[in-house]
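# Summary of the model geometry
The chain contents come next:
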Amino acid sequence: MVLAIDVGNTRIKASVFEDNTVLENFVFEKNELEKKIKKILEKFQNCSDLIVASVGNVEKQSFLAFEKELNIHFFTHEDIFPFTNKYSTPKTLGIDRMILASGATLQFPKQNRLVIDAGTCITYDFIDENDNYLGGAISPGLRLRYEALHNFTARLPLLTLDAPESYIGDSTAQAIHSGVVNGFVYEIDGFIDEYQGNFANFIIILTGGDAEFLAKRLKNTIFANSNFLLESLNQTFQYKIDND
Ligand SMILES: Nc1ncnc2c1ncn2[C@@H]1O[C@H](COP(=O)(O)OP(=O)(O)OP(=O)(O)O)[C@@H](O)[C@H]1O
Ligand SMILES: CC(C)(CO)[C@@H](O)C(=O)NCCC(=O)O
Ligand SMILES: [K+]
């Protein structure tokens, strides 16, 4: 049994896996980390491994308290991945993006794959059919867009996510919702069109905290899997065990 932990920029997500099956999912804040892990381990006493991908400011030290009970693996760039990294700055590539690319490579062999993670940031990661990771894009996520509009202006209120009534926003609130939500959707549809125009035989994986909200609004139909990062983390760990 494996406890996989994804430390994002906003919150922490965790899943307990028995082989490839998810037994339970958890979401919590950074300040609850130790307490929550303790609780999970009390419930799932057969956990043998704790595996972590962190892009947040939570380091390996935060997990050492559990070293006596289980084997801890904190993913870094030094790990073995199933793709060839063609990013020109491989050491600055986010470990979450590497895990997503790894999951896409392992789950969808021999095809072009685009992973879109709609989280704090939106990340686009492209792995071609020869398993070369080429790169992608990073842009502000939904909530970040709402916050940026508010934080960097004098007159724009901080709104929470709401579906716009029309692309023609007829009030300040509707104009913001249209700009944020429609802008987000147009951006993603635009990127997908660009990739589709250039690559045949390819699959799109949509994940992240806003994946479900987004999936039904895209022109392109894509299957959303909110748990793709954690599933990929578990698979990358199995790959590491098989190939180390
Ligand atoms: N309870 C919540 N707290 C924060 N964001 C949430 C929540 N529920 C849904 N969201 C949406 O999820 C998005 C953040 O995604 P996610 O939770 O995947 O980010 P994260 O935990 O910071 O991970 P990452 O840094 O890997 O993107 C926000 O844009 C927001 O609209
Ligand atoms: C882009 C984020 C913030 C998305 O979580 C993360 O992957 C990260 O910090 N990346 C580092 C920069 C890069 O991937 O090139
Ligand atoms: K993300």
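Under the annotation held in an unreviewed UniProt entry, the chain carries the name Type III pantothenate kinase and is attributed to Flavobacterium pectinovorum. Its UniProt record gives the chain a comment under Subunit (unreviewed entry), which states: "Homodimer." Under the UniProt heading Function (unreviewed entry), the entry covering the chain gives this text: "Catalyzes the phosphorylation of pantothenate (Pan), the first step in CoA biosynthesis."

Regarding its fold elements, the chain presents 6 helices and 10 strands. On C-alpha atoms alone, the chain measures out to a radius of gyration of 19 Å, which is about the 18 Å that the 2.2 N^0.38 rule sets for 244 residues. Based on the C-alpha atoms only, the size of the chain along its principal axes is roughly 60 × 40 × 30 Å. Considering the chain as a whole, with its 244 residues, one finds that 48% of them fall into the buried category. Only carbon and sulfur atoms are counted for the fraction: they give 49% of the accessible area of the chain, which is about 12400 Å². A distance of 4 Å separates the average location of the 22 positive side-chain charges in the chain from that of its 33 negative side-chain charges.

Near ligand 1 you find 13 residues, and of these Asn-9, Thr-10, Arg-11, Thr-120 and Asp-210 are the closest. Here an oxygen atom of ligand 1 and a backbone polar atom of Thr-10 are 2.6 Å apart. Between ligand 1 and the protein, one listed contact pairs an oxygen atom with a side-chain N or O atom of Arg-11 at 2.7 Å. Applying the majority rule of atoms within 2 Å of the grid points places ligand 1 in the largest pocket. Here the residues of the shell around ligand 1 sort into 1 nonpolar, 7 polar and 5 charged. Taken together, domain 1 (2–74) and domain 2 (84–233) each give at least three residues to the shell around ligand 1, which thus spans both.

So, on to the UniProt feature "binding site: substrate" (unreviewed entry) in the chain. If you check UniProt for "binding site: substrate" (unreviewed entry), the listed places come out as Tyr-87, Gly-94, Ile-95, Asp-96, Arg-97 and Thr-172 in our numbering. Their sequence span is 86 residues, while the largest C-alpha to C-alpha distance among them is 40.6 Å; these annotated residues do not converge on one region. Of the residues named above, Tyr-87, Gly-94, Asp-96 and Arg-97 line the largest pocket. With respect to the helices, strands and loops of the structure, Tyr-87 is situated in the loop between β6 (84–85) and α2 (95–107). On the accessibility criterion, Tyr-87 (21% relative accessible area) is partly exposed. Not counting the four nearest positions on each side in its chain, Tyr-87 is found in contact with Thr-92, Leu-93, Arg-97, Tyr-133 and Gly-135. Along the chain, Thr-172 falls in helix α4 (residues 172–198).

Time to look at the nonpolar core. Ranked by size, the top nonpolar core spans 26 residues in total, and within it Leu-114, Ile-116, Ile-188 and Leu-214 carry the most contacts. Every element with two or more residues in this core is listed here: β7 (112–118), β8 (121–127), α3 (142–151), α4, β10 (202–207) and α5 (211–215). At 8 residues, α4 tops the list of elements feeding residues into this core. Leave out the neighbours within four places in its chain, and Ile-188 touches Ile-116, Ile-122, Tyr-124, Leu-214 and Leu-218. By size, the runner-up hydrophobic cluster in this structure holds 25 residues, among which are Phe-17, Ala-53, Leu-93 and Ala-104.

A word on the packing of aromatic side chains. Applying the stated criterion across every chain yields a total of 9 aromatic pairs. Plain terms: the ring middles of Phe-63 and Phe-74 are 6.2 Å apart, the flat faces sit at 50 degrees to each other, and that makes the pair tilted. One end of the pair, Phe-63, is in the loop between β4 (49–54) and β5 (71–74); the other, Phe-74, is in strand β5, and 11 residues separate them in sequence. On the basis of relative accessible area, Phe-63 is assigned to the buried category, the value being 0%. With a centroid separation of 5.7 Å and an interplanar angle of 40 degrees, the aromatic rings of Phe-81 and Phe-83 are classed as tilted. Take Phe-83: its relative accessible area is 8%, and that puts it in the buried class. Across from the ring centre of Phe-213, 3.9 Å away, lies the NZ or CZ of Arg-217, which sits over that ring.

Right, let's get into unusual backbone geometry. Even without glycine at this site, Lys-110 takes up a positive phi of about 55 degrees. As for its position among the elements, Lys-110 is in the loop between α2 and β7. Judged by relative accessible area, which is 69%, Lys-110 ranks as exposed. Notably, Asn-201 is not glycine yet its phi reads approximately 50 degrees, a positive angle. When you line up the elements, Asn-201 lands in the loop between α4 and β10.

How each quantity is defined
Residues numbered from 1 in each chain as written. Chains lettered and ligands numbered in written order. Predicted model: local features only at pLDDT ≥ 70, side-chain atom pairs only at ≥ 80, totals over all residues. Heavy atoms only, no water. UniProt positions renumbered as here; feature names shortened; annotations may be inferred. Helix = DSSP H or I, 4+ residues; strand = E, 2+ residues; numbered from the N terminus. Rg over C-alpha atoms; globule rule 2.2 N^0.38 Å. Buried < 20%, exposed > 50% of the residue type's maximum accessible area, 1.4 Å probe, protein only. Areas by Shrake-Rupley, 256 points an atom, 1.4 Å probe, with all protein chains shown as cover. Lys, Arg positive; Asp, Glu negative; His and termini not counted. Charge placed at Lys NZ, Arg CZ, Asp CG, Glu CD. Near = heavy atom within 4 Å. Polar contact = N/O pair within 3.5 Å; in protein donor to acceptor, adjacent residues only side chain to side chain. 1 Å grid on protein atoms, 1.4 Å probe; cavity = no way out; pocket = protein on both sides within 12 Å on 5 of 7 lines; lining within 4 Å. Sits in = over half its atoms within 2 Å of the grid points. Nonpolar A, V, L, I, M, F, W, Y, C, P; charged D, E, K, R; others polar. Domains from an automatic or database assignment. Contact = heavy atoms within 4.5 Å. Core = buried A, V, L, I, M, F, W, Y, C linked by side-chain atoms within 4.5 Å. Phe/Tyr/Trp six-rings, centres within 6.5 Å; stacked < 30°, edge-to-face > 60°. Lys NZ or Arg CZ within 6 Å of the ring centre and 35° of its normal.

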